[in-house]
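Chain and residue survey
Each chain is listed here by its residues.
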Amino acid sequence: MLMYHGIGDVPAAADPDNLYVPEAAFAAQLDHLAARGWTVLDEAGYLAALDGAPTPRRSVLITFDDGYVSVLERAAPLLARRGMSAICYVSPGLDGQAPLPGMPQESRLMTAAQMRELSAAGVALGCHGWAHESMPGMSTEQLEQCTVRARDELHSLVGERVATFAYPYGHHDQAAREAVAAAGFACALATYDGAGRLAIPRVDVNATDTARTFELKLSRVYPLARRALGSAPAVRRAAHRVLGHAARS
Ligand SMILES: [Zn+2]
């Protein structure tokens, strides 16, 4: 399960969190998946696999968080050209939000019309809370806004039901997981810490990845090592110390 944010060539100084994978690197990563025989699952295929349907050993789901316009403009064509699918997690309360002061143009979020376009281009939409607030500690009403209301708003904005959920910042607690389950989502994605199908961990791919770190992240060893060490960021740093960082301009 791979987690991306935006795609684009953003200078390192404007992207301290390394959220934007350069377009050429993303294309090379997709080509790597195809060359190594990875099956890129679509949403239906992934949900079937969760329910126990047999899937190839090398199966991967590509996800994007936040709904940056670059997912529609840059990632979707590269995926479509290769017959690959993905899921993009959007927050309906931030529909079309312009970049915050000091943030790069690439942090612009999709409008409802662009979300519909993305869906038509073969990338499924998922729910990423209401306005990207961290959910642990929320009141029942706030949790409902992030799940039931967000789900219904996406349905009316985009004209289709969203089946899956991703926690903003990957943060979740038991109440958040229960709210997601009560709203009828088929599964929910986290970042590092898992809790069954209501918090499925993902591997983040970011601007500092090289071909070798990407390959390492695909290997089965990586999630196991992560779990054993109990700290993904530490493994991420260690992996990069050994294998090198992609050069950033
Ligand atoms: Zn997010």
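Predicted, not measured: the structure shown is a model, and the values here were computed from it. (Residues numbered from 1 in each chain as written. Predicted model: local features only at pLDDT ≥ 70, side-chain atom pairs only at ≥ 80, totals over all residues. Heavy atoms only, no water.)

Focus on the overall build of the protein chain
Formally: The helix and strand labels rest on DSSP assignments: H or I over at least four residues marks a helix, E over at least two residues marks a strand, and numbering proceeds from the N terminus. Burial status follows relative accessibility: with a 1.4 Å probe on protein chains alone, a residue under 20% of its type maximum counts as buried, one over 50% as exposed, and anything between as partly exposed. Residue contacts are counted whenever heavy atoms from the two residues lie within 4.5 Å of one another. Accessibility throughout is a Shrake-Rupley quantity obtained with a 1.4 Å probe, and a residue counts as covered only by protein chains that appear here.
The helix and strand tally for the protein chain stands at 9 helices and 11 strands. Counting across all 249 residues of the protein chain, residues that qualify as buried make up 48%. In the protein chain, the proportion of contacts linking residues at least 24 apart, taken out of those at least 6 apart, comes to 64%. Working note: accessible area of the protein chain is about 11,100 Å², and carbon and sulfur atoms make up 54% of it.

Digging into the pairing of strand 8 (residues 123–127)
The buried fraction of strand 8 amounts to 5 of the 5 residues, a majority that puts the element mostly inside the structure. The alternating pattern of strand 8 places V123, L125 and C127 on one face and A124 and G126 on the opposite face, and all of these are buried.

With respect to the environment of A131
Checked against the element boundaries, A131 lands in the loop between strand 8 and helix 5 (140–158). Linking A131 and G93, residues 38 residues apart in sequence, is a C-alpha distance of 4.6 Å.

A closer look at the coordination of the zinc ion
What counts here: Distances decide who is a donor: an N, O or S atom must be within 2.8 Å of the metal, or within 3.2 Å for Na, K and Ca. Water is not included, so sites may look incomplete.
For the zinc ion, the protein coordination sphere consists of D66 (OD), H128 (NE2) and H132 (NE2), at 1.9 to 2.1 Å. Counting the intervening residues between successive donors of the zinc ion yields the motif D-x61-H-x3-H. With a gap of 62 residues between them, D66 in the loop between strand 6 (62–65) and helix 3 (69–81) and H128 in the loop between strand 8 and helix 5 connect regions that are remote in the sequence. Taken as a pair, D66 and H128 share a single burial class, namely buried.

What to know about the packing of aromatic side chains
Just so we agree on the cut-off: A pair of aromatic rings is counted whenever rings of Phe, Tyr or Trp (Trp by its six-membered ring) have centres within 6.5 Å, and the orientation is called stacked for planes under 30 degrees apart, edge-to-face for over 60 and tilted otherwise.
All chains considered together, the criterion is met by 6 aromatic pairs. Ring centres of F26 and F64 lie 5.9 Å apart, and the angle between their planes is 65°; this geometry places the pair in the edge-to-face category. Taken as a pair, F26 in helix 1 (residues 23–35) and F64 in strand 6 lie far apart in primary sequence, 38 residues in all. Take F64: its relative accessible area is 0%, and that puts it in the buried class. For the ring pair F165 and Y167, a centre distance of 5.4 Å and an interplane angle of 70° mean the geometry is edge-to-face. Among the aromatic side chains, those forming a connected cluster through ring pairs are Y4, F26 and F64.

Here we look at the environment of C127
Along the chain, the position of C127 falls in strand 8. On the accessibility criterion, C127 (0% relative accessible area) is buried. The sequence separation of C127 and S91 amounts to 36 residues, and the corresponding C-alpha distance is 6.3 Å. Non-local contacts of C127, meaning those with residues more than four positions away in its chain, are made with Y89, V90, C146, A150, R151, L154, V162, T164, F165, A166 and F185.

Some remarks on helix 5
Threshold: Helix span is expected to be 1.5 Å times the residue number reduced by one. In this scheme, the bend at a residue equals the angle between the axes fitted to the seven residues that finish there and the seven that begin there.
The end-to-end C-alpha distance of helix 5, which contains 19 residues, comes to 26 Å, matching closely the 27 Å that a straight helix rising 1.5 Å per residue would cover. For helix 5, the principal kink sits at R149 and spans about 35°. Here helix 5 has its buried residues at L143, C146, T147, A150, L154, L157 and V158. In the stretch just after helix 5, G159 is the one whose phi turns positive, near 80°.

All we've got here are geometric facts, nothing functional implied.
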